[in-house]
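Below are the chains, spelled out letter by letter.
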Amino acid sequence: MASLPAESVDCIWTDPPYNLSNDGITCVAGRMVKVNKGEWDRSQGAERDHAFNKAWLAACYRLLKPTGTIWVTGTLHVYPSVGFAMQQLGFRILNDIIWEKVAPPPNLGCRCFTHATELVLWATKARKGKERYTFNYEEMKSENGDRQMKNLWRMPAPGKAEKIYGKHPTQKPIALVSRCLRASTNPGDLVLNPFAGSSTTGVAALSLGRESIGCEVDIGHMVTFSLMCLSL
Ligand SMILES: C[S@@+](CC[C@H](N)C(=O)[O-])C[C@H]1O[C@@H](n2cnc3c(N)ncnc32)[C@H](O)[C@@H]1O
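Residues numbered from 1 in each chain as written. Predicted model: local features only at pLDDT ≥ 70, side-chain atom pairs only at ≥ 80, totals over all residues.

### Observations concerning the pairing of strand 3 (residues 31-34)
Every regular strand shows the same layout, with side chains that alternate between the two sheet faces. Looking at chain direction, strand 2 (residues 25-28) and strand 3 are connected through 4 bridges and run antiparallel. Opposite Thr26, over in strand 3, you have Val33 as the bridge partner. Linking two consecutive strands that pair antiparallel, namely strand 2 and strand 3, is a turn of 2 residues; a positive phi of about 50° is found at Ala29 within it. (Pairing = 2+ DSSP bridges. Helix = DSSP H or I, 4+ residues; strand = E, 2+ residues; numbered from the N terminus.)

Laid out in structure tokens, this is it:
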């Protein structure tokens, strides 16, 4: 990200590490499995995790155009830090989109409620009354039967069709990313994902006629992306 020119990106959509890999258990396709997703998802403690979030968000702030916006997904394990870092850096938070999962995995511990939602924080660096960030208000309204779209979006997790070329343990639905990009970008805009994974963001962006770049430490995930692109 440091090698890219300042204010060169129209939109950032990202799904950062939630720091959930704590050797616990979860339920995947009806089976009890270890929650661990990889070393990249292991918490380093609240202060170091926050410093990491602030560092990559600062890199995003430099790259984003004032007319651009950033979307960051999270659960309660990460969004308090991401939201606070956004405010520390001068981002203006526009919405907290709540993604309600249609069929969430059951809570195996039975010691709290089933986790059925993720948040997507939507923010800009456009100053109120000075710069105008992109929001395709009319398009969103028309997608919602000509009524203002709410910040509560009910969508299923990625199905089999989105995993035919391989799957990522934290893969996001293309429909979720696509709606965000339809709302906040125009054809030809450049979309960046600093934590690309299998690059759901890249697939959504390219299929909407947007340009896409991403960063990913695990090359295996990018191979999945290349195969998906060939099929577009
Ligand atoms: C939560 S996943 C993103 C999954 C993605 N949304 C998808 O649909 O496939 C985060 C990804 O960030 C990558 N990652 C973690 N730390 C990174 C870093 N410092 N630089 C680049 N990629 C990193 C991990 O390998 C992982 O694939």
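### A short note on the packing of helix 1 (residues 46-63) against helix 2 (residues 79-89)
One way to put it is that helix 1 packs onto helix 2 with a least axis distance of 9 Å and a crossing angle of 50°. With respect to helix 2, the axis of helix 1 lies oblique. Two packed elements cross with a definite hand, and for helix 1 against helix 2 that hand is right-handed. For the pair helix 1 and helix 2, the contacting residues are Asp49, His50, Asn53, Lys54, Leu57, Ala58 and Tyr61 in the first and Ser81, Val82, Ala85, Met86, Gln88 and Leu89 in the second. Within the contact of helix 1 with helix 2, the residues separate by chemical class into 7 nonpolar, 4 polar and 2 charged. (Axes fitted to C-alpha atoms, helices over the stretch in contact; angles between N-to-C directions. Parallel < 35°, antiparallel > 145°, perpendicular 65-115°, else oblique. Left-handed = near helix turned anticlockwise from the far one by under 90°. Contact = placed C-beta atoms within 7 Å. Nonpolar A, V, L, I, M, F, W, Y, C, P; charged D, E, K, R; others polar.)

### Some details on the nonpolar core
Judged by nonpolar contacts, the single largest core of 35 residues is most densely connected at Ile12, Trp13, Ile70, Trp71, Val120, Cys180 and Leu181. When residues no more than four places from it in sequence are discounted, the contact partners of Trp71 are Trp13, Val120, Trp122 and Cys180. (Core = buried A, V, L, I, M, F, W, Y, C linked by C-beta atoms within 7 Å. Buried ≥ 20, exposed ≤ 12 C-beta atoms within 10 Å, placed from the backbone.)

### Remarks on the packing of helix 4 (residues 174-184) against helix 5 (residues 200-207)
One can describe the packing of helix 4 onto helix 5 by two numbers: an axis separation of 9 Å at closest approach and a directional angle of 55°. Here helix 5 runs oblique to helix 4, going by the angle between their axes. Every pair of crossing elements has a handedness; the one defined by helix 4 and helix 5 is right-handed. Residues Ile174, Val177, Ser178 and Leu181 of helix 4 form the contact with helix 5, whose participating residues are Thr200, Thr201, Val203, Ala204 and Ala205. Residues that form the contact of helix 4 with helix 5 fall into these classes: 6 nonpolar, 3 polar and no charged.

### A word on the environment of Glu100
Locating Glu100 in the fold gives a position in strand 5 (residues 92-101). Residue classification places Glu100 among the exposed residues on the basis of 12 C-beta atoms within 10 Å. Here the alpha-carbon distance between Glu100 and Arg132, two residues 32 residues apart in the chain, equals 29 Å. Once residues within four sequence positions are removed from consideration, Glu100 is found in contact with Ala116, Thr117, Leu152, Trp153 and Arg154.

### A short note on helix 5
Among the 8 residues of helix 5, 6 are classified as buried, and the element is accordingly described as predominantly covered. For helix 5, the complete set of buried residues consists of Thr200, Thr201, Gly202, Val203, Ala204 and Ala205. Of the residues trailing helix 5, Gly209 is marked for its positive phi of about 80°.

### What about the site of the ligand?
Around the ligand, the structure places 16 residues, and the nearest of them are Asp15, Phe195, Gly197, Ser198 and Thr200. Residue composition of the shell around the ligand, by class: 5 nonpolar, 7 polar and 4 charged. (Near = placed C-beta within 6 Å.)

### What about the pairing of strand 1 (residues 9-14)?
Of all 6 residues making up strand 1, 6 are buried, and the element is well covered by its neighbours. The pairing of strand 1 with strand 4 (residues 64-74) spans 5 bridges and is parallel. The residue bridging Trp13 from the neighbouring strand is Trp71, located in strand 4. Strand direction decides the pairing type here: strand 1 and strand 8 (residues 190-193), joined by 2 bridges, are parallel. Note on strand 8: the bridge partner recorded for Cys11 is Val191.

### Overview of the sheet that holds strand 7 (residues 152-155)
The mixed open sheet is built from 7 strands, whose spatial order is 7-5-6-4-1-8-9. With one partner strand each, in any of the chains shown, strand 7 and strand 9 (211-214) form the two edges of the open sheet. Here the strands of the sheet are splayed against their neighbours by 20° on average, with no regard to which way each runs. Examined bridge by bridge, strand 8 and strand 9 share 4 bridges and lie parallel to one another. The residue bridging Leu192 from the neighbouring strand is Ile213, located in strand 9.

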